[in-house]
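# Fold and contact review
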Amino acid sequence: MNYFKNIKLENYRNFNNLELDFDQNCNVFFGNNGSGKTNILESISLFERGRGFRQDKINNLINFESKKDNFRIYSNFFHKHGDIIVSVFNERKKISLTKKIIVNGSSSKDSKEHFESLFSIIYFLPEMERLFVSSPSARRNFLDRLIFNSNKRYLKIVNDYKKNITERSRILKDYNSEIEWLNNIEKKIVELGIIIYKERLTYIEEINLALKRLDIAKKFNYKININLDDLLLNQCKNDTNVLFEEYIKTIKASREIDKLLGGSKVGPHKSDIVGYDIGKNININQFSTGQQKTVVLLIILAQCTMLISEQKISPIILFDEVCSHLDNNNRELLLHIIKTLDVQTFLTGTEKSFFSFLSTKTLYCNINEL
Ligand SMILES: Nc1ncnc2c1ncn2[C@@H]1O[C@H](COP(=O)(O)OP(=O)(O)OP(=O)(O)O)[C@@H](O)[C@H]1O
Ligand SMILES: [Mg+2]
């Protein structure tokens, strides 16, 4: 099992200088509102590709109160073949700031790819309790994030797809002059879109199987099944063999409307993810908030079991404010994730007492006293 041994924050968010040692299993950060608990979780999420779980601008990571124009985060990451020393900081590229990662003194693509293949950051944020009643884009992002956790190349495919959609919109405004270019872009969009559809369908099949195998889900009598709801896939009756022709035909036919409205009327960026309890025959969006929380936690548990047993990737789980109004089931489920899986977990909350159900082998850190 791989894990973060410690962290050092310099000029990052509300911390000038902070050093913390971590437990390899369970870590709790408690303290007042605004003390910096979520900021610490976010700093861990920055060791992964991207802008962290808040998706904030890199500028905002630098301590506002400081005169310096850079932040730095360091950690020693435990790996059985020897610790890996990683640091994350900002760099100026022309007028904007970007994030940079150095792994064992190297910024090469190989060393970064090796490092990111050793772990996956999985997070539960307070807004995820309402995932099944929030926007389709929140659910798509949730699913894409799960896929990214097990296939790090997936993010690039999604980003390339989005870039091509933007490029097509630009051409559509002036498309008479660039008809060949438009045809090429649409072909590229369709090819990338089909990869995304296939990745999502495969992943959904796997997670549904993993959910079905969870004993704790059986115990709670939850039979969760996730589906992809998508116009194009429905048109093709989920047959990916006819998808290419249907997709090309539909995207070309929607040029006029896309020109008016921008974006693209069809494609995986329009899909929704629907969850059902097939035992009770209920859409998850009809569940209570607490029950929806159980479903998200079950998906996280299923995801972790897949990562650990099939892919040998160590999940690092960030639970922000997960302990508010937990019933016995959710408490048992959380405890199950923390104690029975071989994972490193980080939890936050305003009161230490919220975590009294965890055993003594937990590292508590009072953020107010830092
Ligand atoms: N770049 C920055 N420089 C300085 N302070 C910042 C920066 N970015 C955010 N902050 C501040 O950091 C503080 C801590 O934020 P954080 O979200 O981590 O609090 P929290 O402990 O999780 O609080 P809550 O219990 O309300 O969730 C906030 O007051 C926020 O305004
Ligand atoms: Mg917070």
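Residues numbered from 1 in each chain as written. Chains lettered and ligands numbered in written order. Predicted model: local features only at pLDDT ≥ 70, side-chain atom pairs only at ≥ 80, totals over all residues. Heavy atoms only, no water.

Domains assigned within the protein chain are domain 1 (1-118 + 313-370) and domain 2 (136-312). Centre-to-centre, using C-alpha coordinates, domain 1 lies 28 Å away from domain 2. Carbon and sulfur atoms make up 67% of the surface buried where domain 1 meets domain 2, a total of about 2000 Å² over both sides. The interface formed by domain 1 and domain 2 holds two salt bridges in total. One salt bridge in this structure joins Lys219 and Glu332, with 2.4 Å as the shortest N-O distance. Our count for the contact surface shared by domain 1 and domain 2 stands at nine residue pairs in polar contact (both at pLDDT 80 or more). Listed by contribution, the elements that provide at least two residues to the side of domain 1 that touches domain 2 are β12 (314-319) and α11 (328-340). The greatest single-element share of the side of domain 1 that touches domain 2, amounting to seven residues, is contributed by α11. For the side of domain 1 that touches domain 2, a count of residues per class yields 11 nonpolar, five polar and five charged. (Domains from an automatic or database assignment. Buried area = accessible area lost by both parts, 1.4 Å probe. Salt bridge = Lys/Arg side-chain N within 4 Å of Asp/Glu carboxyl O. Polar contact = N/O pair within 3.5 Å; in protein donor to acceptor, adjacent residues only side chain to side chain. Helix = DSSP H or I, 4+ residues; strand = E, 2+ residues; numbered from the N terminus. Nonpolar A, V, L, I, M, F, W, Y, C, P; charged D, E, K, R; others polar.)

Okay, the environment of Thr240 next. Mapping Thr240 onto the fold places it in the loop between α7 (231-235) and α8 (243-253). The contact partners of Thr240, leaving out residues within four places of it in the chain, are Lys198 and Leu201. (Contact = heavy atoms within 4.5 Å.)

Within this structure, the stated rule accounts for 15 aromatic pairs. For the ring pair Tyr3 and Phe78, a centre distance of 5.0 Å and an interplane angle of 20 degrees mean the geometry is stacked. Taken together, the residues span a long stretch of sequence, with Tyr3 in strand β1 (residues 3-4) and Phe78 in strand β5 (residues 72-78) at a distance of 75 residues. Summarising the aromatic geometry, the rings of Phe115 and Phe119 are spaced 4.9 Å apart at their centres and angled 55 degrees between planes, so their arrangement reads as tilted. In textbook terms, an aromatic cluster arises when at least three aromatic residues are bridged by ring pairs, as seen for Phe4, Phe47, Phe77, Phe115 and Phe119. The positively charged end of Lys8 is found above the aromatic ring belonging to Tyr74, 5.3 Å away from the centroid. When the ring centre of Phe357 is taken as reference, the NZ or CZ atom of Arg331 above it lies at 5.4 Å. (Phe/Tyr/Trp six-rings, centres within 6.5 Å; stacked < 30°, edge-to-face > 60°. Lys NZ or Arg CZ within 6 Å of the ring centre and 35° of its normal.)

Next up on the list: the site of ligand 1. Around ligand 1, the structure places 16 residues, and the nearest of them are Gly34, Lys37, Thr38, Asn60 and Ile62. Within the side chain of Lys37, one N or O atom sits 2.7 Å away from an oxygen atom of ligand 1. A distance of 2.8 Å is found between an oxygen atom of ligand 1 and a backbone nitrogen or oxygen belonging to Asn39. Taking 650 Å² as the accessible area of ligand 1 by itself, protein coverage stands at 73%. Grouping the constituent residues of the shell around ligand 1 by class yields two nonpolar, 10 polar and four charged. (Near = heavy atom within 4 Å. Areas by Shrake-Rupley, 256 points an atom, 1.4 Å probe, with all protein chains shown as cover.)

With that settled, the discussion passes to the sheet that holds strand β10 (residues 272-277). Spatially, β9-β10-β11 is the arrangement adopted by the three strands of the open sheet, whose pairing is antiparallel. The open sheet has two free edges, formed respectively by β9 (224-229) and β11 (282-283), since each of these has just one partner strand. Pairing geometry for β10 and β11, over two bridges, is antiparallel. Across the sheet, residue Asp277 finds its bridge partner in β11, namely Ile282. (Pairing = 2+ DSSP bridges.)

What follows deals with unusual backbone geometry. The phi dihedral of Asn221 is positive, around 65 degrees, even though this residue is not glycine. Along the chain, Asn221 falls in the loop between α6 (215-219) and β9. Classification of Asn221 as partly exposed rests on a relative accessible area of 49%. One non-glycine residue with positive phi stands out, namely Lys312, at about 55 degrees. Here Lys312 lies in the loop between α10 (289-311) and β12. (Buried < 20%, exposed > 50% of the residue type's maximum accessible area, 1.4 Å probe, protein only.)

Another aspect to go through is a nonpolar patch on the surface. A grouping of Ile257, Leu260 and Leu261 is seen on the molecular surface, where their side chains present a nonpolar patch of about 350 Å² in accessible area. The class for Leu260 is exposed, based on a relative accessible area of 73%. (Patch = residues over 30% accessible without salt bridge, like charges linked within 9 Å, V, L, I, M, F, W, Y side chains within 5 Å.)

This part is about the packing of helix α5 (residues 179-213) against α8. Relative to each other, α5 and α8 sit at 135 degrees, their axes nearing to 10 Å. What the angle tells us is that α5 and α8 run oblique. Handedness of the crossing formed by α5 with α8: right-handed. Contacts between α5 and α8 involve Asn183, Glu186, Lys187, Ile189, Val190, Glu191, Gly193, Ile194 and Tyr197 on the former and, on the latter, Leu243, Phe244, Tyr247, Ile248, Ile251 and Lys252. Residue composition of the contact of α5 with α8, by class: nine nonpolar, two polar and four charged. (Axes fitted to C-alpha atoms, helices over the stretch in contact; angles between N-to-C directions. Parallel < 35°, antiparallel > 145°, perpendicular 65-115°, else oblique. Left-handed = near helix turned anticlockwise from the far one by under 90°.)

Of all six residues in β12, six are buried, a share of seventy percent or more. Burial of the side chains of β12 extends over both faces: Ser314, Ile316 and Leu318 are buried on one face and Pro315, Ile317 and Phe319 on the other. One ladder, built from six bridges, connects strand β8 (residues 119-124) with β12; its direction is parallel. Residue pairing in the sheet places Phe119 in a bridge with Ser314 of β12. Relative to strand β13 (residues 344-349), β12 is paired through four bridges, and the arrangement is parallel. Residue pairing in the sheet places Ile316 in a bridge with Gln344 of β13. Handedness of the β12-α11-β13 crossover: right-handed. (Right-handed = clockwise from strand over helix to strand, strands pointing away.)

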